[in-house]
Amino acid sequence: MSDVHKLIVDVDTGIDDSLALLYLLASPEAEILGIASTAGNVPVEQVAANNLNWLALCGAPDIEVALGAREPLVIPLRTTEETHGPQGIGHAVLSDSGRKLSVRTATDLWVDLVREYPGQLTGLVTGPLTNLALAIRREPDLPSLLKRLVVMGGSFNYPGNTTPTAEWNVSVDPHAAKEVFDAFSVVPAHRRPIICGLNVTESIEMFPEHVRRLAEAAGSTPEEIISPDDGPDVRSSASNSVIRHMSDAIRFYMEFHREYDQGFLAHMHDPFAAAVALDPRLATLKPATVDVETESPLLIGTTVADWVGHWKREPNADVAVSTDPAEFFDRLVHRVGKFARAVG
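About the thresholds
Residues numbered from 1 in each chain as written. Predicted model: local features only at pLDDT ≥ 70, side-chain atom pairs only at ≥ 80, totals over all residues. Heavy atoms only, no water. 1 Å grid on protein atoms, 1.4 Å probe; cavity = no way out; pocket = protein on both sides within 12 Å on 5 of 7 lines; lining within 4 Å. Points joined across faces, edges and corners; volume = space filled by probe spheres on them. Nonpolar A, V, L, I, M, F, W, Y, C, P; charged D, E, K, R; others polar. Helix = DSSP H or I, 4+ residues; strand = E, 2+ residues; numbered from the N terminus. Axes fitted to C-alpha atoms, helices over the stretch in contact; angles between N-to-C directions. Parallel < 35°, antiparallel > 145°, perpendicular 65-115°, else oblique. Contact = heavy atoms within 4.5 Å. Buried < 20%, exposed > 50% of the residue type's maximum accessible area, 1.4 Å probe, protein only. Pairing = 2+ DSSP bridges. Core = buried A, V, L, I, M, F, W, Y, C linked by side-chain atoms within 4.5 Å.

Notes on the layout of surface pockets
Part 1: The space that makes up the largest pocket amounts to roughly 500 Å³.
Part 2: Lining the largest pocket are 27 residues, with Thr-83, Asn-161, Thr-162, Trp-168 and Phe-256 sitting closest to its centre.
Part 3: In terms of residue class, the lining of the largest pocket is built from eight nonpolar, 13 polar and six charged.
Part 4: Approximately 160 Å³ is the volume found for the second largest pocket.
Part 5: If you go around the second largest pocket, the residues you meet are His-5, Thr-122, Lys-147, Arg-148, Val-150, His-190, Arg-191, Val-276, Ala-277 and Pro-280.
Part 6: For the lining of the second largest pocket, the secondary structure elements donating two or more residues are β5 (148–152) and α12 (269–278).

So, in structure tokens, the structure goes:
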């Protein structure tokens, strides 16, 4: 087994955040020390409930789940139930786990863990960067204490998915994103944050065939078929509980993408970032100086990358510029399928 990666995961769960958590739980080299919940796809209380309930469904250890920011730093919160469903998990319905939230806040969780494991902890953020920005305000040395940061966010030389130029996670809290990227300008080159933006994550297109393969790998019956011809009330009858709930969540996501003329598919932004957190070689990376627009009404939330040094500032990020989607999905199917088979 590869060296163990100690992780703090900050999420706004979220359909693709859910699959990112499953990917990490299914990866033997991943040790999740804590999960920070932040408002984004849905309000923060629902995000935290989703995290606790997924952990319970998967029979995961009692991983600490902390409640984080309810609002962005400056602007009002926007959520996106039309994309992820009223509870953030599509058509899936998770039972109340009965598990309890941490007595620590998400900010405390970030600060305490980086101090406890200096130079050992990888941070993965697949939602707005609010919690991390607040943690850096409390512990300015956090960027230097963290082993590495991986962020799903932004869009580089590529259209946005929330405004013509802005990606969702950064758009929800652009001020937090700017604070974080600025703060990480102090880290050495080998520890620069990895940013997985839409320019790469929208190539991670999940189709019904991927869900069928996952169910097959899990030994689930009957064959799991998500069809664009299904009616709105169709739900999975998979014998495997993980596959059944995951399939119902993904079905909603595919229906959303089809409604917005992107095809009957689902962009799996967050599981890709999770995979990169465990193995950065999955992406081709290019150093850049990344900043975020926070003032312009037209461009707020836009991530801007200086690739060639126009700003006379050192690179503060490694931006993912390409990947092999087939390789990613092979890993996803193998890991999550095997994990789901063990859970039952």
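Past the structure itself, the notes keep going.
Considering the packing of helix α10 (residues 208–217) against helix α11 (residues 241–259)
Part 1: Taken N-terminus to C-terminus, the directions of α10 and α11 make an angle of 175 degrees; their axes are 11 Å apart at the nearest point. With respect to α11, the element α10 is oriented roughly antiparallel. Residue-level inspection shows Pro-208, Val-211, Leu-214 and Ala-215 of α10 in contact with α11, the latter providing Ile-243, Met-246, Ser-247, Ile-250 and Met-254.

Quick notes on the pairing of strand β4 (residues 121–125)
Part 1: Where burial is concerned, most of β4 is hidden: five out of the five residues are buried.
Part 2: Going residue by residue along β4, you find Leu-121, Gly-123 and Val-125 tucked away on one face and Thr-122 and Leu-124 tucked away on the opposite face as well.
Part 3: By the bridge criterion, five bridges tie strand β1 (residues 5–11) to β4 in an arrangement that is parallel. Across the sheet, residue Leu-7 finds its bridge partner in β4, namely Thr-122.
Part 4: In this sheet, β5 lies alongside β4 in parallel orientation, the contact comprising four bridges. Looking across to β5, one finds that Thr-122 is bridged to Arg-148.

Focus on the nonpolar core
Most often, soluble globular proteins have nonpolar side chains that are buried together.
Part 1: By size, the foremost hydrophobic cluster in this structure holds 68 residues, and its most contacted members are Leu-24, Met-206 and Phe-272.
Part 2: In this structure, Phe-272 is in contact with Cys-196, Val-200, Thr-201, Ile-204, Leu-282, Ala-283, Thr-323 and Phe-328, ignoring residues within four places of it in sequence.

That is the geometry; function is a separate question.
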